[in-house]
Amino acid sequence: MMVKDNLILAEQKISEACKRSGRDRSEVKLIAVSKTKPVEMVQEAYDLGIRDFGENKVKEMLGKEPLLPEDICWHMIGHLQTNKVKDIIGKTVLIHSIDSIKLSDTIDFAARKAKQTVNGLLEVNISGEETKFGFSPEELFSVLDRLKQYRNLKICGLMTVAAPIQNDPEENRPVFRRLKQLSIDIKQKNVDNVSMNILSMGMSDDYCVAVEEGATCVRIGTGIFGVREGRE
Ligand SMILES: *Cc1c(COP(=O)(O)O)cnc(C)c1O
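All of these numbers come straight from a predicted model, not from anything done at the bench. (Residues numbered from 1 in each chain as written. Predicted model: local features only at pLDDT ≥ 70, side-chain atom pairs only at ≥ 80, totals over all residues. Heavy atoms only, no water.)

The first and last C-alpha atoms of helix H7 (residues 173-188) sit 23 Å apart over 16 residues, in line with the 22 Å expected at 1.5 Å per residue. Three or more residues of H7 are buried, namely Arg173, Val175, Phe176, Leu179, Leu182, Ser183 and Ile186. In this structure, the buried side of H7 is in contact with helix H6 (137-147), strand S6 (153-159), strand S7 (194-200) and helix H8 (207-212). Just downstream of H7, Asn190 is the residue with a positive phi angle, here 50 degrees. (Helix = DSSP H or I, 4+ residues; strand = E, 2+ residues; numbered from the N terminus. Expected span 1.5 Å × (residues − 1). Buried < 20%, exposed > 50% of the residue type's maximum accessible area, 1.4 Å probe, protein only. Contact = heavy atoms within 4.5 Å.)

Here is the structure:
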């Protein structure tokens with residue numbers, strides 16, 4: 001299928017999921033995950049009205065950014081090495097993948113040096129799989145005291161990557177529900193500098209379920225640009 005047909009379908013499915021769960025379509029942002037895909041395809045999605053794009057590698061994002069319209073909002077969604085942080089300050093609207101205190105400290109420091117404010121999400125590893133990045137749900141509560149001391153990094157919510165689904169997207173519903181509940185619990189603590197307005201969850205195979213469970217950002221790659229070849 002072409003990008004256009006894929007986008008129409010995704011838009012329709014997001015709208016239906018919003019309707020089913022009594023939400024307004026404007027509460028959910030579609031982020032087109034363009035990793036490994038050429039700038040021509042990003043431009044195609046842009047021309048169809050998409051403004052938010054997700055990349056998981058700093059080098060790739062910085063390579064595409066100057067070749068594409070300036071009003072694109074770039075989202076960093078992949079594991080970020082601390083030595084690359086300074087390169088993306090000012091180039092991304094939201095870092096979804098803050099997965100350690102070492103990284104959040106580095107972002108705050110780099111943002112301060114650059115006199116910028118950076119918005120970020122805490123990545124949560126709900127399933128506890130060793131291979132996944134992110135804070136455990138328990139850890140989240142123990143780092144709040146530190147996050148409130150930041151001056152240039154604002155924590156705006158939570159993000160998770162659920163497991164690849166085996167058969168049925170329903171398998172990931174408990175993961176999304178848990179992330180939503182965590183955001184409610186953290187919000188109740190009223191921590192300075194930490195708001196919980198953004199919930200980034202749901203990918204091509206399970207974004208409808210994620211929207212039903214309260215996602216405010218869905219990250220759709222394959223479902224828009226088709227399958228990726230080679231390494232990511
Ligand atoms: C690649 C990626 C996506 C998109 O995955 P699809 O299954 O292609 O939709 C979403 N989130 C993250 C963090 C990713 O790395």
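That covers the picture; the talk isn't over yet.
This part is about the layout of surface pockets. By volume, the second largest pocket is sized at about 190 Å³. The set of elements that each furnish at least two residues to the lining of the second largest pocket consists of helix H1 (3-20) and strand S1 (29-33). In terms of residue count, H1 provides more of the lining of the second largest pocket than any other element does, 4 residues in total. (1 Å grid on protein atoms, 1.4 Å probe; cavity = no way out; pocket = protein on both sides within 12 Å on 5 of 7 lines; lining within 4 Å. Points joined across faces, edges and corners; volume = space filled by probe spheres on them.)

All buried positions along helix H2 (residues 39-47) are accounted for by Val42, Ala45 and Tyr46. The buried residues of H2 all sit within an arc of 105 degrees when viewed along its axis, so they share a single face. Exposed side chains of H2 directed beyond 90 degrees from the buried face belong to Glu40 and Asp47. Tucked inside the fold, the buried residues of H2 contact H1, strand S2 (52-55), strand S3 (73-76) and helix H9 (222-225). At the C-terminal side of H2, Gly49 shows a positive phi close to 110 degrees. (Arc of directions from axis to C-beta.)

What follows covers the pattern of salt bridges. On inspection of all chains with the given rule, the structure shows 16 salt bridges. The residue Asp105 makes a salt bridge to Arg146 at a minimum N-O spacing of 2.7 Å. Of this pair, Asp105 sits in helix H5 (residues 101-113) while Arg146 is found in helix H6, placing the two residues 41 residues apart along the sequence. Judged by its relative accessible area of 25%, Asp105 falls in the partly exposed class. Take Arg146: its relative accessible area is 39%, and that puts it in the partly exposed class. (Salt bridge = Lys/Arg side-chain N within 4 Å of Asp/Glu carboxyl O.)

Turning our attention to the nonpolar core. In terms of nonpolar packing, the biggest core is built from 65 residues, with Leu30, Phe53, Leu147 and Leu158 touching the most fellow members. Broken down by element, this core gets its largest block of residues, 6 residues, from H1. (Core = buried A, V, L, I, M, F, W, Y, C linked by side-chain atoms within 4.5 Å.)

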